[in-house]
Amino acid sequence: MAGGAATGGSVQSETYREARTWLLLPAWVTLGILTLAPLTIMLVYSFLTKEFRGGVIWEFSLAAYDQFFFDRGLFGDEPPRIEWTYIGIFWRSIWQAGAATVLSLLIGFPTAYFIAMRPQKERALWVFLVTIPYWVNLLIRTVSMKFLLRDEGPLNEGLMAIGLISEPLGIVNTNLAVQLGLFYSYLPFMVLPIYAAVERYNLALSEAAADLYAPRWTILRRIVLPSVRPGIVAGCILVFVPSLGSFLAPDLLGGAKTFMIGSLIEEQFKGNAGNWPFGAAASMILLTMVLILLILSARPSRKGVR
Amino acid sequence: MKKLLTTAAALSLIAGAASAEGKLVIYHWFEYMPQDLLEKFSEEHDVEVVMDTYDSNEALLASLKAGAIGTYDVAVPGDYMVQIMGNEGLLDTIADGELANKGNIAPEWADPSFDPGRASSIPYQWGSTSFAVNRDVYEGDINSTDILFNPPEELSGKINMLDSQGEVLAMAALHMDIPQCSSDRDQLRALNDMLQSAKAHWASFNSDTAKEVLVSGDAAAGQIYDGFAAKARAEGANVEYAFPTQGYIVWMDNVVLLKDAPNRENALLFMDFLLEPENIAAVTNYARYNAGVTGVAGFLDPSLAEQPESNPPAEAGAGVFIEVCDQATQEVYDQIWTNLKK
């Protein structure tokens, strides 16, 4: 909204004022049918009674949330204690997604900066190159990643051939493999927004700072980073949020030995448990967490726009 | 180019509409039904065949219960899932005389416990679930469930389990010699503890790539279906399929007539088609399992009869079906599974 006003969007919208309702209708219908309706169903389901082997019984129940937060023992008749299982699964997922985001930022920022510093004519080519791997399906890319990281794969064999290591690193089926997989899956979502921000950055500011004897590190920290901050925030959100709910990388690269949020929810709908209200409740808790995160990250960037 | 493609698409649509009298919508496992068999049925009966796939019995059930019932004509659930789907009211009944080839069903599969009298189903393929071991890595005796749950040093940390609650927990029950649907609390606690300690030896849970991890060498031992083990061997892996003395899992996939099938007539035609020995033998030759129909022997690939995966040794334990537990018992098992993967 604020961005629209800054670029003069409000003047343009006056032109079509008569037709505004009709022009917005497709957007509202799409949002209503494709976003609000499924979310409402999930919200309602999370407060219903579970039906054995999948499905819901239309009776109000807090059992799903109770199961999430309270542990009543293997047989369900002990006095309730705090349930750490699911909190642990959420925490692990946050940690994995966070590590993937940091990794993406460390690689993505220099990449984006590099592309933005190329001559105007070359930039489109570089951006194009970054997106090429993403024309291939995510599943194929994740499987290829596994082939690269395998004990008998090119990474380990290459490192052994040059004598850096004497036996395979054993990366597949570890948390590191999951983080690498997530990082690789979502890297362009980090590069592209940062690139867009750096491209708009006025290099004269860096030159001015250098003229005033600011060291390079200070220029980066005090001038460049604050200017491109909205791009960095957008990139981090775009990598973190899908990583959090991902189940392909954990299943294929992590060996599915431990649940992540995505696989826990999938199990409730597609697995033996068939506990739809619990799956819905876990989704709602995840949604709430992401929402809080977005609100927190949106606040400072609004201040930046002014 | 674009125009050419559009024209081609339009032509194929017309062709499809002109040639096919009716339609048949199949919901099936992945990598199981040979494509040329579907084409044969399509040509013989002038029916357009559409097939969707799923990757587990539970995924099939979830999809049907979430509203897909009424869009498919036939599905191919495993033994225990036929019983569950029957209890859930998802199956239609085949009246006497509706299937001309019903008499072809092998006598031992004509009245199974999961569908008495074959009221809604016909046999598709049957086989076993056990595990296979890479003989380059481990040379000792493999016919014991210890290989999975208490493995020798050479295999520890190199074991892939099926990512399927039913198969893992049933195998664990055989290992501990307890009932599959136990309600004895000491047994259940012991089962929970045993799985926790066994997990330390496992590298991964994966069903879709159970065969690939053995072929690539990522896993040195893996829980697997007999046909997949045979295929892994055919693809060059030096693996041997085990028949543990404690017992192993037997399964049977069945073609069922779904409730509210939109093309019921064609579904029955298709079931009759699959009861022809020649046709069901084609599936067996492709999937490397066993058919439940009499008179297939002459149509089978001769190497199938000798394949070690289909010939349990004399000292092998009994083959058992996965059992269907009641709700209270099942909830404990669900909890044990969550504990295992947390």
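The structure displayed is predicted, hence computed values, not measured ones. (Residues numbered from 1 in each chain as written. Chains lettered and ligands numbered in written order. Predicted model: local features only at pLDDT ≥ 70, side-chain atom pairs only at ≥ 80, totals over all residues. Heavy atoms only, no water.)

Colleague: Looking at this model, I keep getting lost on the overall build of chain A. Mind explaining?
Modeller: Per the secondary structure count, chain A includes 14 helices and four strands. Referenced to the eigenvectors of the C-alpha coordinate spread, the extents of chain A come out at roughly 75 × 70 × 35 Å. Residues classed as buried in chain A amount to 37% of the 306 residues present. Long-range contacts, defined here as pairs at least 24 residues apart, represent 62% of the contacts in chain A between residues at least 6 apart. Summed over all atoms, the accessible surface of chain A reaches about 17700 Å², with 69% contributed by carbon and sulfur. Computed over 24 positive and 20 negative side-chain charges, the inter-centroid distance for chain A is 11 Å. (Helix = DSSP H or I, 4+ residues; strand = E, 2+ residues; numbered from the N terminus. Buried < 20%, exposed > 50% of the residue type's maximum accessible area, 1.4 Å probe, protein only. Contact = heavy atoms within 4.5 Å. Areas by Shrake-Rupley, 256 points an atom, 1.4 Å probe, with all protein chains shown as cover. Lys, Arg positive; Asp, Glu negative; His and termini not counted. Charge placed at Lys NZ, Arg CZ, Asp CG, Glu CD.)

Colleague: In this structure, what is going on with the domain arrangement of chain B? I would like to understand it.
Modeller: Accessible area lost upon the coming together of the parts is a frequently used measure of interface size. Residue and element names in this part refer to chain B. With domains assigned, chain B is organised as domain 1 (2-126 + 252-305) and domain 2 (127-250 + 313-341). One C-alpha centre belongs to domain 1, the other to domain 2, and the line joining them spans 29 Å. If you look at the interface, domain 1 gives 16 residues, while domain 2 gives 13 residues. Summed over both sides, the interface between domain 1 and domain 2 buries roughly 1300 Å², with carbon and sulfur atoms accounting for 60% of that surface. Inspection of the region where domain 1 meets domain 2 yields two salt bridges. Here Lys-231 and Glu-31 are joined by a salt bridge, their closest N and O atoms 3.7 Å apart. At the boundary of domain 1 with domain 2, the tally comes to zero residue pairs in polar contact (both at pLDDT 80 or more). At the level of secondary structure, the elements contributing two or more residues to the side of domain 1 that touches domain 2 comprise helix H4 (79-87) and helix H11 (277-287). For the side of domain 1 that touches domain 2, the class distribution of residues is 10 nonpolar, two polar and four charged. (Domains from an automatic or database assignment. Buried area = accessible area lost by both parts, 1.4 Å probe. Salt bridge = Lys/Arg side-chain N within 4 Å of Asp/Glu carboxyl O. Polar contact = N/O pair within 3.5 Å; in protein donor to acceptor, adjacent residues only side chain to side chain. Nonpolar A, V, L, I, M, F, W, Y, C, P; charged D, E, K, R; others polar.)

Colleague: Looking at this structure, how should I read the side chain of Glu-309 of chain B?
Modeller: All names here are of chain B. Position of Glu-309 among the secondary structure elements: in the loop between helix H12 (302-306) and strand S10 (319-320). A relative accessible area of 2% places Glu-309 in the buried class. For Glu-309, the side chain forms a polar contact with the side chain of Arg-233, separated by 2.8 Å. Apart from residues lying up to four places away in sequence, Glu-309 is in contact with Asp-226, Ala-229, Ala-230, Arg-233, Tyr-241 and Phe-243.

Colleague: Teacher, can you tell me more about the domain arrangement of chain A here?
Modeller: All names here are of chain A. Parsing chain A into structural domains produces domain 1 (8-83) and domain 2 (84-274). Once you take the C-alpha centre of each, domain 1 and domain 2 turn out to be 29 Å apart. In this complex, domain 1 contributes nine residues to the contact, which on the side of domain 2 involves eight residues. At the boundary of domain 1 with domain 2, total buried surface from both sides reaches about 790 Å², with 58% on carbon and sulfur atoms. Run the count over domain 1 and domain 2 and you get zero salt bridges. At the junction of domain 1 with domain 2, the criterion picks out three residue pairs in polar contact (both at pLDDT 80 or more). Along the lines of polarity and charge, the residues of the side of domain 1 that touches domain 2 split into three nonpolar, three polar and three charged.

Colleague: Looking at this model, I keep getting lost on the interface of chain A and chain B. Mind explaining?
Modeller: With 29 residues of chain A at the contact, the number on the chain B side is 43 residues. Of the roughly 3100 Å² buried between chain A and chain B on both sides combined, carbon and sulfur atoms contribute 52%. Applying the counting criterion to the chain A and chain B interface returns five salt bridges. With its nearest N and O atoms 3.1 Å apart, the salt bridge here joins Glu-331 of chain B to Lys-50 of chain A. Of all the elements in the fold, those that place two or more residues in the side of chain A that touches chain B are helix H5 (85-117), helix H12 (248-252) and helix H13 (261-270) of chain A. Tallied by class, the residues present in the side of chain A that touches chain B amount to 10 nonpolar, seven polar and 12 charged.

Colleague: Looking at this model, I keep getting lost on the nonpolar core. Mind explaining?
Modeller: A general tendency of soluble globular proteins is for nonpolar side chains to be buried together. Formed by 111 residues in total, the largest nonpolar core has its most connected members in Met-85, Phe-149, Leu-195 and Phe-270 of chain B. When residues of this core are assigned to their parent elements, the largest contribution, eight residues, is made by strand S9 (residues 248-257) of chain B. Ignoring anything within four residues of it in the chain, the contact list for Met-85 of chain B reads Leu-60, Leu-61, Leu-64, Pro-77, Leu-90, Leu-91, Val-256 and Leu-258 of chain B. Formed by 34 residues, the second largest nonpolar core is a distinct cluster that contains Val-172, Val-178, Tyr-195 and Leu-253 of chain A. (Core = buried A, V, L, I, M, F, W, Y, C linked by side-chain atoms within 4.5 Å.)

Colleague: Please explain the packing of aromatic side chains as it appears in this structure.
Modeller: What characterises a pair of aromatic rings is the spacing of the ring centres plus the angle enclosed by the ring planes. In total, this model carries 32 aromatic pairs over all chains according to the counting rule given. Judged by centre distance (5.6 Å) and plane angle (25°), the ring pair of Phe-68 of chain A and Tyr-86 of chain A falls under stacked. Of this pair, Phe-68 of chain A sits in helix H4 (residues 63-69) while Tyr-86 of chain A sits in helix H5, placing them 18 residues apart in sequence. Considered together, Phe-68 of chain A and Tyr-86 of chain A belong to a single accessibility category, that of buried residues. Just above the ring of Phe-114 of chain A sits the side chain of Arg-118 of chain A; from NZ or CZ to the centre is 4.0 Å. Just above the ring of Phe-228 of chain B sits the side chain of Lys-211 of chain B; from NZ or CZ to the centre is 5.9 Å. (Phe/Tyr/Trp six-rings, centres within 6.5 Å; stacked < 30°, edge-to-face > 60°. Lys NZ or Arg CZ within 6 Å of the ring centre and 35° of its normal.)

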